[in-house]
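Notes for the structure review
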Amino acid sequence: MARVVCLVLFLALLQTALCITCPFTRELTVQTPPLTGDDVTVLQALLARTQALKQTGAYDAQTAAAVSAFQKANRITPSGNLDDATADALISSNANMDDGYKDDGTIPAGFLYKMHVPVYHNRSVETTGTLTWHNGTVLHRFTVRTEGQPYANTTIAANQFCDSGSTPTGLMTFDLNSPEDDPVSFGPYPVNRAVQGLKGNAGVVISDIRDGILMHTGEWQGWNPSLPMPNSHGCVHGHPTDIEYVWKILVSLGIEVRQNTDGKLPYPYKPQGILSIELMD
């Protein structure tokens, strides 16, 4: 499917630029000085799940060797370069994309609340998220959606490492912020913001590579609670009544509504909560 997208883009733009599967934007090769960047960081994190690879942040000889090994295992001519076919195969590999993160049922010391969101490979499946207080009391259970925007010219949701792809799995800090300025897209209520990834795919991308991942609702045109929620740009979507309830119950328990940072970094407050997104299949 990624190659179909590339072909469409090629014909539309009438250019011969190499088309690399998101989040990769260029062919990666060993150079002097070595290539660095978010794409190298993600590549090394994914390869390290199936191979012994030191994550240096630079596309070095050992990274090229790991790419060659991956190519051989996937019947791609080994070159040691991350090209379109290799990137496509890597993003399509559950062994590399799945982070293996499992929620342990606890709330780490220093945090007052936890939001647990189960997800499936098919992110169009809405699930039931659970908001829990630090003493183990369940505060609320409600329907959530974590499917991101599609790849260009397709209906397939982009992967977790793309800017507007599905919500990353893993453990991350979470904090209650004042409402966003756009109530149509984000709803009129305070939002919860993912601040810093700690484990899993979230630990790779938040917030150095992906930022602005929220739990929020929206004033979605034509939508009603009997319908699936629209896809987000990487956020966790909830029904308006549920996001309003989350805000009110947290405030009643002493959680502060922090002034919305609009994604500016570094985040100036100590996060009060934790978000755990766990792959279930």
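The first and last C-alpha atoms of helix α3 (residues 61–73) sit 18 Å apart over 13 residues, in line with the 18 Å expected at 1.5 Å per residue. Taken together, the buried positions of α3 are occupied by Thr63, Ala64, Ala66, Val67, Ser68, Phe70 and Gln71. Among the residues trailing α3, Arg75 stands out with phi positive, at a value near 60 degrees.

Quick look at the nonpolar core now. Counting 54 residues, the largest nonpolar core has Phe24, Leu43, Tyr59, Met115 and Leu250 as its most contacted members. Among the elements that take part in this core, helix α2 (residues 38–47) stands out by supplying six residues, more than any other. Residue contacts for Leu250: discarding those within four places in its chain leaves Tyr113, Leu131, Trp133, Leu139, Leu176, Asn192 and Ile255. Counting five residues, the second largest nonpolar core, distinct from the first, contains Tyr101, Ile107, Phe111 and Ile274.

Among the surface-exposed residues, Tyr120, Val125 and Met280 lie close enough to one another that they form a single nonpolar patch of about 240 Å² accessible area. With respect to the element layout, Met280 can be found in the segment after β8 (273–279).

Here we come to the pairing of strand β5 (residues 191–199). Relative to β5, strand β4 (residues 170–177) runs antiparallel, the two sharing six bridges. Considered in β5, the bridge of Met172 is made with Gly197. Relative to strand β6 (residues 214–216), β5 runs antiparallel, the two sharing two bridges. Bridge pairing links Asn192 to Met215 in β6.

Below, the discussion takes up the layout of surface pockets. Taken as a whole, the largest pocket holds about 540 Å³ of empty space. If you trace the largest pocket, you find 25 residues lining it, with Ile91, His121, Tyr151, Ala157 and Asn159 closest to the centre. If you list the elements that add at least two residues to the lining of the largest pocket, you get α4 (84–91) and α5 (94–97). For the lining of the largest pocket, a count of residues per class yields ten nonpolar, eleven polar and four charged.

Turning next to the sheet that holds β6. Pairing between the strands of a sheet comes from backbone hydrogen bonds, and it takes one of two forms, parallel or antiparallel. What the eight strands build is a closed barrel, ordered β1-β2-β3-β7-β6-β5-β4-β8; its pairing is mixed. Going from strand to strand, the sheet's axes swing by 30 degrees on average, the running direction of each strand aside. Note: strand β1 (residues 113–119) against strand β2 (residues 127–133), four bridges, orientation antiparallel. Looking across to β2, one finds that Lys114 is bridged to Thr132. On the sheet, helix α8 (residues 240–252) packs against β1, β2, β3 (138–145), β4, β5, β6 and β7 (236–238) and is oriented at approximately 150 degrees with respect to β3.

With that settled, the discussion passes to the packing of α3 against α4. Packed helices, taken two at a time, are described by the angle between their axes plus the distance between the axes. Axis separation between α3 and α4 bottoms out at 11 Å; the angle between their running directions is 75 degrees. Classed by the angle they form, the pair α3 and α4 counts as roughly perpendicular. Residues Val67, Phe70 and Gln71 of α3 lie in contact with α4, whose contacting residues are Thr86, Ala89 and Leu90. Among the residues making up the contact of α3 with α4, the classes are represented as four nonpolar, two polar and no charged.

With that out of the way, let us pick up α8. Over its 13 residues, α8 runs 18 Å from end to end, which matches the ideal 18 Å to within 8%, given 1.5 Å per residue. Every buried residue of α8 is accounted for by Asp242, Ile243, Val246, Ile249 and Leu250. The buried side chains of α8 occupy one side of the element, clustering within an arc of 135 degrees when seen end-on. Facing away from the buried surface of α8 by more than 90 degrees, the exposed residues are Thr241 and Ser252.

This next bit is on the pattern of salt bridges. All told, the structure shown has eight salt bridges when counted by the stated rule. Two residues, Asp175 and Arg258, come together in a salt bridge whose shortest N-O distance is 2.7 Å. You can see Asp175 sitting in strand β4 and its partner Arg258 sitting in the loop between α8 and β8, a full 83 residues away along the chain. Side by side, Asp175 and Arg258 carry an identical accessibility label, which is buried. If you follow the salt bridges from partner to partner, you end up with Glu126, Arg145 and Glu147 in one network.

The next point concerns the state of the cysteines. On inspection of all chains with the given rule, the structure shows one disulfide. Cys162 provides the cysteine sulfur closest to Cys235, a residue in no disulfide bond, and the two sulfurs are 15 Å apart. Overall, the relative accessible area of 4% leaves Cys235 in the buried class.

Definitions and limits used
Residues numbered from 1 in each chain as written. Predicted model: local features only at pLDDT ≥ 70, side-chain atom pairs only at ≥ 80, totals over all residues. Heavy atoms only, no water. Helix = DSSP H or I, 4+ residues; strand = E, 2+ residues; numbered from the N terminus. Expected span 1.5 Å × (residues − 1). Buried < 20%, exposed > 50% of the residue type's maximum accessible area, 1.4 Å probe, protein only. Core = buried A, V, L, I, M, F, W, Y, C linked by side-chain atoms within 4.5 Å. Contact = heavy atoms within 4.5 Å. Patch = residues over 30% accessible without salt bridge, like charges linked within 9 Å, V, L, I, M, F, W, Y side chains within 5 Å. Areas by Shrake-Rupley, 256 points an atom, 1.4 Å probe, with all protein chains shown as cover. Salt bridge = Lys/Arg side-chain N within 4 Å of Asp/Glu carboxyl O. Pairing = 2+ DSSP bridges. 1 Å grid on protein atoms, 1.4 Å probe; cavity = no way out; pocket = protein on both sides within 12 Å on 5 of 7 lines; lining within 4 Å. Points joined across faces, edges and corners; volume = space filled by probe spheres on them. Nonpolar A, V, L, I, M, F, W, Y, C, P; charged D, E, K, R; others polar. Axes fitted to C-alpha atoms, helices over the stretch in contact; angles between N-to-C directions. Parallel < 35°, antiparallel > 145°, perpendicular 65-115°, else oblique. Arc of directions from axis to C-beta. Disulfide = S-S within 2.5 Å.

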